[in-house]
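Architecture and fold: a report
Chain by chain, the residues run as shown.
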Amino acid sequence: MDKRDFAGIPQASATGKASDAGELEVDEHHREEYLFSGLQHNAKFQVNERLCVNLFEHFVDWTNVHCLNDSCQEPFPSRDWRAGRPRKGQRFVSSADDAQLIIHIPFNRKVKLMGISLGIHPDQVQHGPSVIHLYKDLPTFDFSDAVSVKPLHTLHLLPEDLCRSHDSTAQPPKPGNSGSKRGSSPFNSSTLGPIASARNLPPTAVPLPALLFGVTSSLWLFIEENQGGKDVTKISTMQVWGIPLQDMDVKHIRR
């Protein structure tokens, strides 16, 4: 057959196929961005997509949140912490009689805890938490229990964990504080879509061991010491990051 027989037949182009695939990929990325921008704060969307979210937004049982040893003048404002900061006009939460605080955060569904963010104003960083013992799923807990019950995990925070603008070279960290290393993600966030990126822990959060907090109903924080050995501990902002888990369907389980 002569080559001229194919002269009028359009030939498939590898470049054309690649171009079409690229356009489809861009369209899908734009669709995902549009979907994420509209639904990222929707609780059902967060559960279905297994997003790592600030659990204070939708997944905390606020009627049972409480704090022990918080100051009457600067108390722990439970509901206002959904915005990640104390109530209007209040700069921080502070302890009352000494540096120790116990904070109870129950969740309205089981969650996979991934990290915690605590913050303090730069001029108050010496009052920021230093040693925090974590417990989960305990029915009750007070300062007497803190002496006898072994913590599930302990955080040793450095000033830079609390305040990014704090210059850690101005004052050396307390002896024994190794800080909290950030877990480096194997993924390049620039190549991920917004939904996939939102499944990762924010880089500013202190990571928690997945094996210890994979399924959690409530979290207890015992703040034992602060950065400067002060009599009063202060916290300006707080977020608890994790993945809200879907309810387990047990209808198929035979008795």
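Described below are features of the structure shown in this document. Since the model is a prediction, treat every value here as computed from it, not as a measurement. (Residues numbered from 1 in each chain as written. Predicted model: local features only at pLDDT ≥ 70, side-chain atom pairs only at ≥ 80, totals over all residues. Heavy atoms only, no water.)

A word on the overall build of the protein chain
Each helix and strand in the protein chain was counted, giving 6 helices and 10 strands. For the protein chain, the residues scored as buried account for 40% of the 255 residues in total. Within the protein chain, contacts between residues at least 6 apart in sequence are counted, and of these 78% link residues at least 24 apart. A total accessible area of about 15100 Å² is found for the protein chain, and carbon and sulfur atoms account for 53% of it. (Helix = DSSP H or I, 4+ residues; strand = E, 2+ residues; numbered from the N terminus. Buried < 20%, exposed > 50% of the residue type's maximum accessible area, 1.4 Å probe, protein only. Contact = heavy atoms within 4.5 Å. Areas by Shrake-Rupley, 256 points an atom, 1.4 Å probe, with all protein chains shown as cover.)

Here we look at unusual backbone geometry
At Arg 50, a residue that is not glycine, the phi angle is positive and equals roughly 55°. Looking at the element boundaries, Arg 50 is found in the loop between helix H2 (43-48) and strand E1 (53-54). With phi around 60°, Asp 137 is a residue other than glycine that occupies positive phi space. Checked against the element boundaries, Asp 137 lands in the loop between strand E5 (129-136) and helix H3 (143-148).

Notes on the environment of Cys 163
Relative to the helices and strands, Cys 163 resides in the loop between helix H4 (159-162) and helix H5 (194-197). Here Cys 163 falls in the buried class, since its relative accessible area comes to 5%. Distance in space between the C-alpha atoms of Cys 163 and Gln 124 is 9.6 Å, their sequence separation being 39 residues. If sequence neighbours within four positions are ignored, Cys 163 has contacts with Ile 120, His 121, Pro 122 and Val 125.

With respect to the packing of aromatic side chains
On inspection of all chains with the given rule, the structure shows 4 aromatic pairs. Ring centres of Tyr 135 and Phe 141 lie 4.4 Å apart, and the angle between their planes is 40°; on these two criteria the pair is classed as tilted. Classification of Phe 141 as buried rests on a relative accessible area of 5%. Arranged with centres 5.7 Å apart and planes meeting at 50°, the rings of Phe 141 and Trp 220 form a pair that is tilted. In this pair, Phe 141 sits in the loop between E5 and H3 while Trp 220 sits in strand E8 (residues 216-226), placing the two residues 79 residues apart along the sequence. Take Trp 220: its relative accessible area is 1%, and that puts it in the buried class. (Phe/Tyr/Trp six-rings, centres within 6.5 Å; stacked < 30°, edge-to-face > 60°.)

With respect to the side chain of Gln 46
Among the secondary structure elements, Gln 46 is positioned in helix H2. Look at Gln 46 and you get buried, because its relative accessible area is 1%. Every residue in contact with Gln 46, bar those within four places of it in the chain, is listed here: Gln 40, His 41, Leu 51, Val 53, Glu 57, His 58, Phe 59 and Pro 244.

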